[in-house]
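Report on the structure
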Amino acid sequence: MGTVGLLIFFAIVGAAICAKARVAGGAVVFALLALVLFIGTPAGAGLPGMVADFLSTVGAASEPLTEGSGAVG
């Protein structure tokens, strides 16, 4: 587990260095690498499910009201 944590740390540092040097592509690649490594750990295993729940909640909240007194129009 310590090795994965070290790889995540170096990926975040690499993203910060690339962002500081204004190399957007490198920063995105390092950030995605850190995210993939984090999702592979037990602590980050629930992240995709949480994102899916959040997006479904936002999608349900953004649907227009079509019936009832709350409908506009």
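1. Points about the overall build of the chain
Counting secondary structure elements, the chain contains three helices and zero strands. Taken from N to C terminus, the helices and strands of the chain fall in the order α-α-α. When burial is assessed residue by residue, the chain has 14% of its 73 residues classed as buried. Entry remark: accessible area of the chain is about 5600 Å², with carbon and sulfur atoms responsible for 74%.

2. Quick notes on a nonpolar patch on the surface
Residues V28, L32, L35, F38 and I39 make up a contiguous nonpolar surface patch of about 410 Å² in total accessible area. Checked against the element boundaries, V28 lands in helix α2 (residues 24–39). With relative accessibility at 49%, the residue V28 sits in the partly exposed group.

3. Brief notes about the UniProt feature "transmembrane region" (unreviewed entry) in the chain
Per the UniProt record, "transmembrane region" (unreviewed entry) is found at residues 28–47. Each end of residues 28–47 is marked by a C-alpha atom, and these two atoms are 19 Å apart; helix forms 65% of the span and strand 0%.

4. Comments concerning unusual backbone geometry
The bulk of non-glycine residues show a negative phi, and the bulk of peptide bonds are trans. A positive phi angle, close to 60°, is found at R22, a residue other than glycine. With respect to the helices and strands, the residue R22 is situated in the loop between α1 (2–20) and α2. Using a relative accessible area of 78% as the deciding quantity, one classes R22 as exposed.

Parameters at a glance
- Residues numbered from 1 in each chain as written.
- Predicted model: local features only at pLDDT ≥ 70, side-chain atom pairs only at ≥ 80, totals over all residues.
- Heavy atoms only, no water.
- Helix = DSSP H or I, 4+ residues; strand = E, 2+ residues; numbered from the N terminus.
- Buried < 20%, exposed > 50% of the residue type's maximum accessible area, 1.4 Å probe, protein only.
- Areas by Shrake-Rupley, 256 points an atom, 1.4 Å probe, with all protein chains shown as cover.
- Patch = residues over 30% accessible without salt bridge, like charges linked within 9 Å, V, L, I, M, F, W, Y side chains within 5 Å.
- Salt bridge = Lys/Arg side-chain N within 4 Å of Asp/Glu carboxyl O.
- UniProt positions renumbered as here; feature names shortened; annotations may be inferred.

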